[in-house]
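Structural description and commentary
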Amino acid sequence: MPVYPRCAVRPVRGEGCYLFGEDGERYLDFASGIAVNALGHGHPALVKAIADQAATLMHVSNLYGSPQGEALARRLVDLTFADTVFFTNSGAEAVECAIKTARRFHYADGHPERHALITFNNAFHGRTLGTISATSQPKMRDGFEPLLPGFAQAPFNDLDAALALVDEHTAGFLVEPIQGEGGVSVGTRAFLHGLRAACDERGLLLVLDEVQCGYGRTGTMFYHEQLGVTPDIMAVAKGIGGGFPLGACLATSHAAKGMVAGTHGSTYGGNPLAMAAAQAVLDVMAEPGFLPHVAAMGERLRGALEQMIPNHDHLFDHVRGAGLMVGLKMKTDARRFVAHLRDEHRVLTVSAGENVVRILPPLVVEEYHIAEFVETLSAAARVYVDAADD
Ligand SMILES: *Cc1c(COP(=O)(O)O)cnc(C)c1O
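This structure is a prediction, so every number in the text was calculated from the model and none was measured.

This part takes up unusual backbone geometry. Between Glu145 and the following residue, Pro146, the backbone shows a cis peptide bond with an omega angle of 0°. Of note, Ala35 is a non-glycine position whose phi angle comes to about 65°, a positive value. By secondary structure assignment, the location of Ala35 is in helix H1 (residues 32-35). Positive phi, normally seen in glycine, also occurs at Asn157, with a value near 70°. Looking at where Asn157 falls in the secondary structure, it is placed in the loop between strand S6 (151-154) and helix H7 (159-164).

Written as structure tokens, this is what we have:
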């Protein structure tokens, strides 16, 4: 189905921070499959782990015990606030599990009427019927009605508006601490602490969607760690498998108290091949220098972009984000500029809402990649003919 526009970039091979097309042409990949290829392309430890596991045991049903799943879940529990984990194959499924866990908590708690989650304008939680019901974006919702009831939207970073929506049907809040697709909008400390406090006061659940901003992307394992805000439930995916399709829903045992035998399931979720990929990713991320490297490269990238902006201030407005989740806000159509970068300069980025160029390099990016990126971006800006100037 032609749900994505056709694109002349057709990669057939990857190596570190570069992709190669059918004719051998090279692209600098600062999109990482939208924050997925955390270790870049062809990372030897990840490749070997997948090859070895494929030869040993690829898939078994979740009807049987899983030493591989238990081992990864144990590691995630040790790393986070969570006591329990459910593995999925994608981000949307991780969010679906989070929504079900939140609803089922209140059901098990004797309040089945508390089924509604408060979500936020410009949020993105996936493309299933449940997750599009959680967003306010018409382009994702139009024509798919009737959508799932039980969601209400407030403006992002507007605590008072969110609290004003709380009523006897509210189960909790579902929020990206940094909105990705919505335009790399960073949730403020006051906003996220305010949501947490409201949850504590009213027995609601704070559900964080860290599918994009989590898993090392911002220089800590999860972004909420930097804010000192702890969720009850969290959806994770994208970087977790380094390119192997995997997601996870993490929760405290309290929040997950409704998720008993038979309430949820997945045929593929958490199969041994996925677990091997995730173990390899975690092994690399657990090396002592890994997260500090992400933070340092993030600062370097941001600094270089900020220095460049005044030279092209007719095009660029400001830089935002955290770590290696960076948004370059444009004064013009970002989608068109991203295509220009891609087609004329062989640099891959992703456009995001509100005219933002989303910059998501592999977390193993080095200084010379950043220098190459910013130089090319600057060269591209110099020759770019804005549609408005045509
Ligand atoms: C990408 C994304 C999702 C959906 O993940 P899929 O793997 O595409 O289903 C959900 N939430 C956020 C914040 C995302 O960035």
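This is not the end of the story, as more comes after the structure.
Turning our eyes to something else, we now look at the site of the ligand. With respect to spatial proximity, the complete set of residues near the ligand consists of Ser90, Gly91, Ala92, Phe124, His125, Gly126, Glu176, Asp209, Val211, Gln212 and Lys238. The separation between an oxygen atom of the ligand and a polar main-chain atom of Gly91 is 2.8 Å. In the model, an oxygen atom of the ligand is placed 2.6 Å from a nitrogen or oxygen of the Lys238 side chain. Contact with the protein chains hides 81% of the accessible area of the ligand, taken as 390 Å² for the molecule alone. Taken together, the residues that form the shell around the ligand break down as three nonpolar, five polar and three charged.

So, about the sheet that holds strand S13 (residues 316-322). Across the sheet, four strands lie side by side as S13-S14-S17-S16; this open sheet has antiparallel pairing. The open sheet has two edge strands with one neighbour each: S13 and strand S16 (350-352). Each adjacent strand pair in this sheet contributes to an overall mean axis angle of 30°, direction not counted. Here S13 pairs with strand S14 (residues 325-330) via six bridges, running antiparallel. The partner of Gly321 across the bridge, within S14, is Val326.

Counting 66 residues, the largest nonpolar core has Tyr215, Leu305, Phe316, Phe337 and Phe373 as the members making the most contacts within it. Ranked by the residues each element gives to this core, the list is headed by helix H10 (residues 272-285), at nine residues. Two domains each provide a minimum of three residues to this core, namely domain 1 (11-30 + 288-389) and domain 2 (46-285). With residues up to four places along the chain from it excluded, the contact list for Tyr215 reads Leu76, Met221, Phe222, Val236, Gly239, Ile240, Val281, Leu282, Met285 and Leu363. In terms of nonpolar packing, the next biggest core, distinct from the first, is built from 34 residues, Val9, Ala35, Phe120 and Phe191 among them.

Here we take up the domain arrangement of the chain. Its domain assignment divides the chain into domain 1 (11-30 + 288-389) and domain 2 (46-285). Each partner contributes residues to the interface: domain 1 has 22 residues there, and domain 2 has 23 residues. Across the domain 1/domain 2 interface, buried area totals approximately 1600 Å², and carbon plus sulfur atoms make up 61% of it. Among the residues domain 1 hides against domain 2, the three largest losses belong to Leu291, Met325 and Arg358. Together they make up 38% of the total.

The next subject is the pairing of strand S7 (residues 170-175). Judged by how many residues are buried, S7 sits mostly within the fold: six of six residues are covered. Examined bridge by bridge, S7 and strand S10 (residues 205-209) share four bridges and lie parallel to one another. Paired with Gly172 across the two strands is Leu205, which belongs to S10.

Read across the sheet, four strands follow the order S1-S2-S3-S15 without closing on themselves; strand pairing throughout is mixed. Each edge of the open sheet carries a strand with a single partner, namely strand S1 (11-15) and strand S15 (347-348). Sheet contacts for helix H13 (residues 367-383): strand S2 (18-21), strand S3 (26-29) and S15; angle to S3, the most-contacted strand, approximately 105°.

Another aspect to go through is the packing of aromatic side chains. Under the definition given, this model contains seven aromatic pairs. Centroid distance Phe120 to Phe191: 5.2 Å. Interplanar angle 85°. Geometry classified as edge-to-face. One end of the pair, Phe120, is in strand S5 (residues 116-120); the other, Phe191, is in helix H8 (residues 189-202), and 71 residues separate them in sequence. In this pair, the class of Phe120 matches that of Phe191, namely buried. Measuring from centroid to centroid gives 5.6 Å for Phe316 and Phe337, while their planes differ by 75°, and the two rings are edge-to-face. In this pair, Phe316 sits in strand S13 while Phe337 sits in helix H12 (residues 334-345), placing the two residues 21 residues apart along the sequence.

So, on to the environment of Leu19. Mapped onto the elements of the fold, Leu19 is located in strand S2. Between the C-alpha atom of Leu19 and that of Ala123, which follows or precedes it by 104 residues, the distance is 29 Å. Ignoring sequence-local partners within four residues, the contact set of Leu19 consists of Pro11, Arg13, Gly14, Glu25, Arg26, Tyr27, Asp29, His41 and Leu348.

The rules behind these values
- Residues numbered from 1 in each chain as written.
- Predicted model: local features only at pLDDT ≥ 70, side-chain atom pairs only at ≥ 80, totals over all residues.
- Heavy atoms only, no water.
- Helix = DSSP H or I, 4+ residues; strand = E, 2+ residues; numbered from the N terminus.
- Near = heavy atom within 4 Å.
- Polar contact = N/O pair within 3.5 Å; in protein donor to acceptor, adjacent residues only side chain to side chain.
- Areas by Shrake-Rupley, 256 points an atom, 1.4 Å probe, with all protein chains shown as cover.
- Nonpolar A, V, L, I, M, F, W, Y, C, P; charged D, E, K, R; others polar.
- Pairing = 2+ DSSP bridges.
- Axes fitted to C-alpha atoms, helices over the stretch in contact; angles between N-to-C directions.
- Core = buried A, V, L, I, M, F, W, Y, C linked by side-chain atoms within 4.5 Å.
- Buried < 20%, exposed > 50% of the residue type's maximum accessible area, 1.4 Å probe, protein only.
- Domains from an automatic or database assignment.
- Contact = heavy atoms within 4.5 Å.
- Buried area = accessible area lost by both parts, 1.4 Å probe.
- Phe/Tyr/Trp six-rings, centres within 6.5 Å; stacked < 30°, edge-to-face > 60°.

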